[in-house]
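# Structural description and commentary
Residue strings, one per chain:
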Amino acid sequence: MIERAKQMLVKLALEAEWEAVFEPNTYGFRPGRGAHDAIGAIFNSIKQKSKYVLDADILKCFDKINQKKLLAQLNTFPTLYRQIKAWLKSGVVMDGKLFPTNEGTPQGGVISPTLALIALHGLETAIRGSINQSRKIQQELTVVFYADDFVILHPSLDVIKKSKLAAEEWLKEMSLELKLSKTRLSHTLIPDEGNVGFDFLGFNIRQYLIGKHQSGCNGHGQKLGFKTIIKPSKKKIALHIESLRNIIDSYKSAPQEALIGKLNPVIRGWCNYYSTVNSKRTFSKCQYILFSQLRAWARYKTGNFRFKTLTKYWPYTKGGRIFSSKNGMRLISHSDTPIKRHIKVKGDKSYFDGDVLYWSTRKGTHPELPNRVALLLKKYQGRCSECGLMFTGDDLIEVDHIIAKEDCGTDKFDNLQPLHRHCHDVKTARNVSNRRVLTQEIALEPLETDINE
């Protein structure tokens, strides 16, 4: 635990330094950035023009990084250099034996993602330096990184091939290479070697030919003839359906409330992640499959599936029949999740640039933020009620009861407020202390009355 705490302190120091110089199209493991920003960058690149794409993955990125090159790239002061080197050379214990670690970053270490980002810093510059430096070609080239995955987009196939060679040569210096099984050349609109479109970060990105009456126009007023559609990938849909099935199978003998309590977080999290793209049809499909799975669960519980069973587990409400319990606990529907477009982070913005208003606003509109927390942030103008500071970036937010439940508080929205996690701990400790003092005073009151009498 002590070493993990030290790694976190070093991580905080390195992040503040390197966030000022990181390449703008790197989105993984960076504060204030995420997968939705990477998808937004890809959409902005191809929304008005079809392009070739190289979808690449680095083989064992965290395990094979050249430690000497990484330490040289850090270029930090001696004390921190020696500490990071000690972590890199600390070794791994397996079956009671110590194995040396002469390559790669600490497995499971808090600082490992940051070190990997630093090691890969400069790859985009090398790719851009390998092609023609004309303004048009450079503007049409898009490179998007997310951890050890990256995509390169450009209208010219020759530029894509040159970029791939440049990436391979640069990675060799870091003792890395591309994973051939996951590196694929494709085109966003036209089938190329049997491939069209690509999957990235769980999303399927592809362009479809459409008629002139539905086609949009480019900046010059010309009809595009295609539409760019981003939706959940088939693989992720299948994994989500499988996870729902596994939960239902493991809760065959459990009451309906327990099953709903287990399914709701899974459905809510998955739908929120894909709520920024064209997912309505996918949500409807998942909802239909989930109904079939729950119908089988109800049949197992009752031995059959008749109108009585349907009424028992799917009582009729104003919105139709909803899978809900007698006490009013209802199952979340995939189709109820609204589609809200995500605004990509500005390329030159840094989490440490002091623009608190910008980062706190993005925090309140993040697609994976629960609706209740988003409404509370809007009500309290993005500030913590305890310390008065604004929520930014990756701040941990907890919903607090203004009047605690132990003091007869309710779960109504008017009794809730957003707090930092550490502020919540301070407030809870203060409430417990005040409650203990009050209890002691109440206990002493009869005794003092008897003495006076």
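### Let's talk about a positive patch on the surface
- A cluster of like positive charges, contributed by Lys 301, Arg 306, Lys 308, Lys 312 and Lys 326, occupies part of the molecular surface.
- Position of Lys 312 relative to the elements: it lies in helix α13 (residues 307-313).

### Here's the deal with the packing of aromatic side chains
- A full pass over the atoms with the stated rule returns 16 aromatic pairs.
- Following the ring pairs from residue to residue traces out a cluster consisting of Phe 291, Trp 297, Phe 305, Tyr 313, Trp 314 and Phe 323.
- Across from the ring centre of Tyr 300, 5.0 Å away, lies the NZ or CZ of Lys 252, which sits over that ring.
- Positioned above the aromatic ring of Tyr 358 is the side chain of Lys 349, whose terminal nitrogen or guanidinium carbon lies 4.9 Å from the ring centre.

### A few points about the packing of helix α4 (residues 67-74) against helix α6 (residues 112-120)
- Relative orientation of the contacting elements α4 and α6 amounts to 85°, with a least axis distance of 9 Å. Our classification of the angle between α4 and α6 gives roughly perpendicular. Between α4 and α6, the contacting residues are Leu 70, Gln 73 and Leu 74 on the first element and Leu 115, Ile 118 and Ala 119 on the second.
- Residue composition of the contact of α4 with α6, grouped by class: five nonpolar, one polar and no charged.

### A short note on the side chain of Ser 112
- On the secondary structure map, Ser 112 appears in helix α6.
- Setting aside residues up to four positions removed in sequence, Ser 112 forms contacts with Phe 62, Thr 105, Pro 106 and Gln 107.

### Observations concerning the pattern of salt bridges
- Enumeration over the complete set of coordinates arrives at 15 salt bridges.
- Lys 11 serves as the salt-bridge partner of Glu 15, at 2.8 Å between the closest nitrogen and oxygen. In this pair, Glu 15 and Lys 11 are both assigned in helix α1 (residues 2-18), four residues apart and thus about one turn of the helix distant.
- Here Glu 15 falls in the buried class, since its relative accessible area comes to 9%.
- Judged by its relative accessible area of 16%, Lys 11 is buried.
- Note that Glu 398 and Arg 421 form a salt bridge whose closest N and O atoms lie 2.9 Å from each other. Residue Glu 398 is found in strand β12 (residues 397-401), and its partner Arg 421 is found in helix α16 (residues 421-452); the two are separated by 23 residues along the sequence.
- We classify Arg 421 as partly exposed; its relative accessible area is 42%.
- Salt bridges sharing partners connect three or more residues here, namely Lys 349, Asp 353 and Asp 355.

Thresholds, definitions, all that
Residue positions are given per chain, counted from 1 along the sequence in the order it is written. Per-residue local features are limited, in this predicted model, to residues with pLDDT of at least 70; the limit for side-chain atom pairs, both in listing and counting, is 80 or more; totals at the level of whole chains, interfaces and linings are taken over all residues. Heavy atoms throughout the structure, all of them, feed into the side-chain values; hydrogens and water do not. Only residues whose relative accessible area exceeds 30% and that take part in no salt bridge are eligible for patches, with like-charged residues grouped when within 9 Å of each other and nonpolar side chains (Val, Leu, Ile, Met, Phe, Trp, Tyr) grouped when within 5 Å. Method for areas: the Shrake-Rupley scheme with a 1.4 Å probe, in which residue coverage is limited to the protein chains shown. For salt bridges, the criterion is a side-chain nitrogen of Lys or Arg within 4 Å of an Asp or Glu carboxyl oxygen. Charge assignment in this entry is limited to Lys and Arg as positive and Asp and Glu as negative, and neither His nor the chain termini are counted. Charge positions come from single atoms, namely NZ of Lys, CZ of Arg, CG of Asp or CD of Glu. Secondary structure follows DSSP: runs of H or I at least 4 residues long count as helices, runs of E at least 2 residues long count as strands, and numbering of each begins at the N terminus. When the centres of two rings from Phe, Tyr and Trp lie within 6.5 Å, Trp using its six-membered ring, the rings pair. Their planes under 30 degrees apart give stacked, over 60 give edge-to-face, and anything left gives tilted. Only lysine NZ and arginine CZ atoms are considered, and such an atom sits over a ring when it is within 6 Å of the ring centre and within 35 degrees of the ring normal. The angle between two axes is taken between their N-to-C directions and runs from 0 to 180 degrees, where each axis is a line fitted to C-alpha atoms and a helix contributes only its stretch in contact. The labels follow the angle: roughly parallel below 35 degrees, roughly antiparallel above 145, roughly perpendicular from 65 to 115, and oblique for the rest. Contacts: residue pairs with any heavy atoms within 4.5 Å of one another. By the convention adopted, Pro, Cys, Tyr, Trp, Phe, Met, Ile, Leu, Val and Ala count as nonpolar, Lys, Arg, Asp and Glu as charged, and the other residues, Gly among them, as polar. A simple rule labels every residue: compare its accessible area, found with a 1.4 Å probe on the protein chains alone, to the largest value its type can have, and call it buried under 20%, exposed over 50%, or partly exposed in between.

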